[in-house]
Amino acid sequence: MEIQYHLSPGELLAFLEPVYGGCVAGFSEEELSAAEGELGIRLPAAYRNFLRGYGKCSLNSVQNQLIAPSNLQLIYDHYREERDEDYDPDDPEWGVDRWFNGTDWDETINPLAELFQHPESEWGRFVKDHLIIWHENQGCWIAGIRVEDFEKDTIPVYIPDELYTYAWEMEFPSLEEFLTRMIFDAVAYNDPRVLSESSDIQNFFSEHRIDRKTLCPPEACSPSGHCRSFFLPEKRLLGFFLYDVNGEPDALYLYALPESENVF
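Chemist: What should I look at first to understand the nonpolar core in this one?
Modeler: Generally speaking, nonpolar side chains in soluble globular proteins are found buried as a group. Within the largest apolar cluster, 63 residues are counted, with the highest numbers of intra-cluster contacts made by Tyr47, Tyr79, Trp134, Phe178 and Phe240. Residue contributions to this core peak at eight residues, all from helix H6 (residues 175-187). Leu195, Ile201, Phe230 and Tyr243 belong to the second largest nonpolar core, which has 14 residues in total.

Chemist: For this particular structure, what's the right way to read the sheet that holds strand S1 (residues 4-5)?
Modeler: What links the strands of a sheet is backbone hydrogen bonding, and the strands pair in either a parallel or an antiparallel sense. Spatial strand order, S1-S11-S12-S13-S10: five strands in an open sheet with antiparallel pairing. The strands lining the two open edges of the sheet, one partner per strand, are S1 and strand S10 (193-195). On top of the sheet, helix H1 (residues 9-16) reaches strand S11 (226-232) and strand S12 (237-243); it is set at about 130 degrees to S12, its chief contact. Contacts from H6 reach S11, S12 and strand S13 (249-256), with the element oriented near 75 degrees to S11.

Chemist: In this structure, what is going on with the pattern of salt bridges? I would like to understand it.
Modeler: It is possible for side chains of opposite charge to pair when their charged atoms get near one another. Scanning the entire structure with this criterion turns up 17 salt bridges. The partner of Asp185 in a salt bridge is Arg181, and the shortest N-O contact between them spans 3.1 Å. Taken together, the residues span about one helical turn, with Asp185 and Arg181 both in helix H6 at a distance of four residues. Because the salt bridges share partners, they merge into one network encompassing Glu29, Glu36, Arg42, Arg48 and Arg52.

Chemist: Hey, could you run me through the side chain of Arg48 in this one?
Modeler: Here Arg48 lies in helix H3 (residues 45-54). A polar contact of 2.8 Å, which involves the side chain of Arg48, links it to the side chain of Glu36. With near-sequence residues (within four places) excluded, Arg48 lies in contact with Glu29, Leu32, Ser33, Glu36, Arg42 and Leu43.

Chemist: Whenever I open this one, the packing of aromatic side chains confuses me. Can you help?
Modeler: Geometry of an aromatic ring pair is reported as the spacing of the ring centres plus the angle between the planes. As enumerated under the stated definition, the model contains 20 aromatic pairs in all. Where Trp94 meets Phe116, the ring centres are 5.7 Å apart and the plane angle is 50 degrees; that geometry is what we call tilted. Placement of Trp94 in the loop between helix H4 (75-86) and strand S4 (96-101) and of Phe116 in the loop between helix H5 (112-115) and strand S6 (130-135) is noted, with a sequence separation of 22 residues between them. On the accessibility criterion, Phe116 (7% relative accessible area) is buried. Through successive ring pairs, a cluster of aromatic residues spans Tyr76, Tyr79, Tyr87, Trp94, Phe116 and Trp123.

Chemist: Got a minute to help me understand H4 in this structure?
Modeler: Because an α-helix completes one turn every 3.6 residues, residues spaced three or four positions apart along the sequence face the same direction. Compared with an ideal rise of 1.5 Å per residue, which puts 12 residues at 16 Å, H4 spans 16 Å between its outermost C-alpha atoms and is within 8% of the ideal. Taken together, the buried positions of H4 are occupied by Ile75, Tyr76 and Tyr79. Angularly, the buried residues of H4 cover 100 degrees about the axis, an arc narrow enough to put them on a single face. Relative to its buried face, H4 has exposed residues pointing more than 90 degrees away, namely Asp84 and Glu85. Against the buried residues of H4 lie strand S3 (73-74), H5, S6 and strand S9 (168-172).

Chemist: What's the story with helix H2 (residues 29-39) in this structure? I'm lost.
Modeler: Listing the buried residues of H2 in full gives Leu32, Ala35, Glu36 and Leu39. Buried residues along H2 cover an arc of 100 degrees about the axis, so they all sit on one side. Residues of H2 that are exposed and point more than 90 degrees away from the buried face comprise Glu30, Gly37 and Glu38. Turning to H2, the residues buried within the fold contact H3, S3 and S6. At the exit of H2 stands Gly40, carrying a positive phi of roughly 75 degrees.

Chemist: Would you mind going over unusual backbone geometry with me for this structure?
Modeler: Note on backbone geometry: most residues besides glycine have negative phi, and most peptide bonds are trans. Unlike most non-glycine residues, Arg209 shows phi in positive territory, near 55 degrees. The backbone of Arg236 shows a phi angle near 50 degrees, a positive value even though the residue is not glycine. If you trace the backbone, Arg236 turns up in the loop between S11 and S12. A relative accessible area of 19% means that Arg236 is categorised as buried.

Chemist: Any chance you could explain the environment of Arg193 here in plain terms?
Modeler: By the element assignment, Arg193 lies in strand S10. If near-sequence neighbours (up to four positions away) are discounted, Arg193 is found in contact with Phe204, Leu252, Tyr253 and Leu254.

Parameters and conventions
Once a new chain begins, its residue numbering starts again from 1 and follows that chain's sequence as written. Under the rules for a predicted model, residues below a pLDDT of 70 receive no local features and side-chain atom pairs below 80 are neither given nor counted, while totals for whole chains, interfaces and linings still include all residues. Only heavy atoms go into the side-chain values, all of them from the structure, while hydrogens and water stay out. Among the buried residues, those of types Ala, Val, Leu, Ile, Met, Phe, Trp, Tyr and Cys that are joined through side-chain atoms within 4.5 Å form a nonpolar core. To sort residues, take the accessible area from a 1.4 Å probe on protein chains only and compare it with the maximum for the residue type: under 20% means buried, over 50% means exposed, and anything in between is partly exposed. Secondary structure elements follow DSSP: runs of H or I of four or more residues count as helices, runs of E of two or more count as strands, with numbering from the N terminus. Two strands are counted as paired when DSSP detects at least two bridges linking them. It only takes one pair of heavy atoms within 4.5 Å for two residues to be counted as in contact. Axis definition: a line fitted to C-alpha atoms, limited for helices to the stretch in contact. Angles are taken between N-to-C directions and run from 0 to 180 degrees. A pairing counts as a salt bridge when a side-chain nitrogen of Lys or Arg comes within 4 Å of a carboxyl oxygen of Asp or Glu. In protein, a polar contact means a hydrogen-donor-capable atom and an acceptor-capable atom, both N or O and within 3.5 Å, with residues adjacent in sequence counting only if both atoms are side-chain atoms; elsewhere, any N or O pair within 3.5 Å suffices. A pair of aromatic rings is counted whenever rings of Phe, Tyr or Trp (Trp by its six-membered ring) have centres within 6.5 Å, and the orientation is called stacked for planes under 30 degrees apart, edge-to-face for over 60 and tilted otherwise. To estimate the expected span of a helix, subtract one from its residue number and multiply by 1.5 Å. This arc corresponds to the set of directions leading from the helix axis out to the C-beta atoms.

Given below as C-alpha cells:
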C-alpha cells in the first residue's frame, strides 16, 4: 500500500480519536445553524465541515481548546462588550497599565483606547474582524479567522500579539495546517518515538522511502514552523514531521497505531 501524505485533520482524528478511548463525532446541523444565527454570519465552509464531522472529538480539548459553536464570538462583538461595559471616554487614564520596573515605572496604553474613539464603521482602519475559533488551554493565546477570508480557498489563521488582542498576525497559512498542529499538540506527549537528529530522520525517510519533497512542499511559510503528517499503512505507523521556516528539521514523532482500538 502506498504512503499517505498530508492527512487531513479529519483523517488524523479518525485514526487517533479511538486510540484515546473517544469516538469521532461532530456538532449537529441544528447547533451550527443556531450559532450562525447568533453571529449573523455563515461559517466558512472548510471550518463548518470540520465542526460538523469532528468538532466533538475529545482530542480537540486535550491540550488547546476548540471553541464550541454556541460560544463562538467575533472580535468586534468582544470589543463592543468591553467598550460598553468598561470604557470611559472622559477618563484619560482608561486603559493605562503601569508597573514598577526596578527603580522606575513603566506603562503601556491599551490600543483599544484609540479604537474606541472612533465609530464602529471605522474600526476596520485599525483591526480586521475575526472569528475566534480556538484558545490555548491557559488562555495565553487565541486564534481566529478573518471574516474577509471566509470565501477564500485557503484560509489563514491569525493569532494576536500578547497585548489586548489588538494586533493580529498570520501564524498559519492555512486552516488545515493550524488544525493539524492542534491535533499534534494533543498527542505530542503520549510516549511517541521521537527522532531529533537530522541524520536519524534522513535515515528513517530513506529506509521507508518517504519522499521529502512530497512531504514538505514549497508553500507559504508559517512563522511557527511546519507540521506535516504521513501514514505507512503496512506498518500502521503515523508520523508528524516538524521543521522550521528555513526547512531545517526539528523532530519526527512516530506513533504505532494498533489494529484494535486500544491505547498506544
